[in-house]
Amino acid sequence: MKLQMGNAYLEMGSKYLTTLRDSNDILGDFNRLSERLAEDGYLLIRQFHNKENIQLARQALVDRLNNQGKINTDYPLIDAIAKEDVKGSFFGGVPSDENQDLAPFYELVTNEEVMDFFSHLLGEEALTLDYKWPRAVPPGGNTGAHYDIVYMGRGTKDLYTMWTPLGNVTYEQGPLAMLLGSQHFEKVKNSYGKMDVDRDHVETGWFSNDPIELVDHFNGQWATTEFEAGDVIIFGMFMMHSSFNNDSDSFRMSADTRYQAASEATDERWVGKNPKGHYAWGKEKDLITVEEARKTWGL
Ligand SMILES: O=C(O)CCC(=O)C(=O)O
């Protein structure tokens, strides 16, 4: 079986692509979970969230997409079948009166069980960055390979992303993929990994659109899986990830949300009632390409 990421096709079960392993066997043993997170660079946990809560969050996002006129209403709304040639949607923001309709989504990713899980994993009280990143990736869409640190690296580096699919995500719908080993790419971490998209005038936060080079030249290996509603994957700021192309006719809906120790510094762009977010990225004129930046890093 071959899966498409950008313009490349990766064969499952080859040096380019393998499957993610889940950590349900050690759930409840936080020492082992945190060891595994450090070792593998990620934790895949099946049925972390309650399925009904996922469904409520999904419904809230589907309603937004429908209000934007992006859903093909010949089909059940909840299936989120896209109209032809529509773009994706990003509903980033914080819980607020304006975002009242997304309350089930905010509840899903900040409830007591989620926060307790992170507190135990981090060994002290956890907080979640107020800003959340729910998104609907359209047919044909995908996300390029990147470290999250380039978007949110102004506070602690010990910050974790939880990627929550808001519904089942089959191979066809473009699941997220981890680049195994990338948490140890010291040269990449010490150059690209120090980039800040709001400071450095680089046109994209994506390190590469070529998944093959990340295997052939950097010795990583892509890993993915099919996700069922309720599953999550958790990873650190220096875990390169990307998504496969959404080859289906529906939106692939998911959210990425962030957690860290409450005692550590936060990135001011993503906290508070009215976080400033990416205040410069995408607005500047004198941009360099990531290829140019990579030359200066010797990568
Ligand atoms: O859902 C996606 O396609 C991108 C998600 C992502 O980059 C992240 O979780 O950090």
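A short tour of the structure in this document, coming up. What you are looking at is a predicted structure, and each value in this text was computed from that prediction instead of being measured.

**Things to note about the packing of aromatic side chains**
Counted according to the given criterion, the structure contains 16 aromatic pairs. Where Phe-117 meets Phe-118, the ring centres are 5.6 Å apart and the plane angle is 85 degrees; that geometry is what we call edge-to-face. Under the relative-accessibility criterion, Phe-117 is labelled buried at 7%. Site record: aromatic cluster; members linked through ring pairs are Tyr-147, Phe-185, Tyr-192, Phe-207, Phe-218, Phe-238 and Trp-297. Across from the ring centre of Phe-238, 5.7 Å away, lies the NZ or CZ of Lys-189, which sits over that ring. Residue placement shows Lys-276 over the ring face of Tyr-279; its charged tip is 4.8 Å from the ring centre.

**So, the packing of helix α1 (residues 30-40) against helix α4 (residues 112-122)**
With their axes 8 Å apart at the nearest point, α1 and α4 run at an angle of 80 degrees to one another. Our classification of the angle between α1 and α4 gives roughly perpendicular. Contacts between α1 and α4 pair Phe-30, Leu-33, Ser-34 and Leu-37 from the former with Phe-117, His-120 and Leu-121 from the latter. Split by residue class, the contact of α1 with α4 holds five nonpolar, two polar and no charged.

**Let's talk about the site of the ligand**
Near the ligand there are 14 residues, and of these Thr-143, Asp-148, Trp-163, His-241 and Arg-252 occur at the shortest range. Separating an oxygen atom of the ligand from a side-chain N or O atom of Arg-252 is a distance of 2.8 Å. Listing elements by their share of the shell around the ligand, those giving two or more residues are β8 (160-165), β12 (241-243) and β13 (252-261). If you tally residues by element for the shell around the ligand, the top one is β13, at four residues. In terms of residue class, the shell around the ligand is built from three nonpolar, six polar and five charged.

What counts and what doesn't
- Residue numbers restart at each chain and count upward from 1, following the sequence in its written direction.
- Side-chain atom pairs in this predicted model are given and counted only at pLDDT of 80 or more, local residue features only at pLDDT of at least 70, and totals for whole chains, interfaces and linings cover all residues.
- Each side-chain value is worked out from all heavy atoms of the structure, with water and hydrogens disregarded.
- Any pair of Phe, Tyr and Trp rings, taking the six-membered ring for Trp, is counted once the centres come within 6.5 Å. Such a pair is stacked with planes under 30 degrees apart, edge-to-face with planes over 60 apart, and tilted for the rest.
- Exposure categories follow from relative accessible area, calculated using a 1.4 Å probe and restricted to protein chains: below 20% of the type maximum is buried, above 50% is exposed, and the middle band is partly exposed.
- The rule is short: NZ of Lys or CZ of Arg within 6 Å of the ring centre and within 35 degrees of the ring normal puts a charge over the ring.
- Axes here refer to lines fitted to C-alpha atoms; in helices the fit is confined to the stretch in contact. Angles between the N-to-C directions go from 0 to 180 degrees.
- Note on conventions: DSSP H or I runs of at least 4 residues are helices, E runs of at least 2 residues are strands, and numbering of each starts at the N terminus.
- By the definition adopted for this analysis, an angle is roughly parallel if under 35 degrees, roughly antiparallel if over 145, roughly perpendicular if from 65 to 115, and oblique otherwise.
- In this description, contact between two residues means that some pair of their heavy atoms is separated by no more than 4.5 Å.
- Polarity classes work like this: nonpolar for Ala, Val, Leu, Ile, Met, Phe, Trp, Tyr, Cys and Pro, charged for Asp, Glu, Lys and Arg, and polar for all others, with Gly in that last group.
- Note on definitions. A residue lies near a molecule or strand when any single heavy atom of the residue is within 4 Å of it.
- Side-chain atoms alone can form a polar contact between residues adjacent in sequence; in general such a contact is a pair of N or O atoms within 3.5 Å, and within protein one must be able to donate a hydrogen while the other accepts it.

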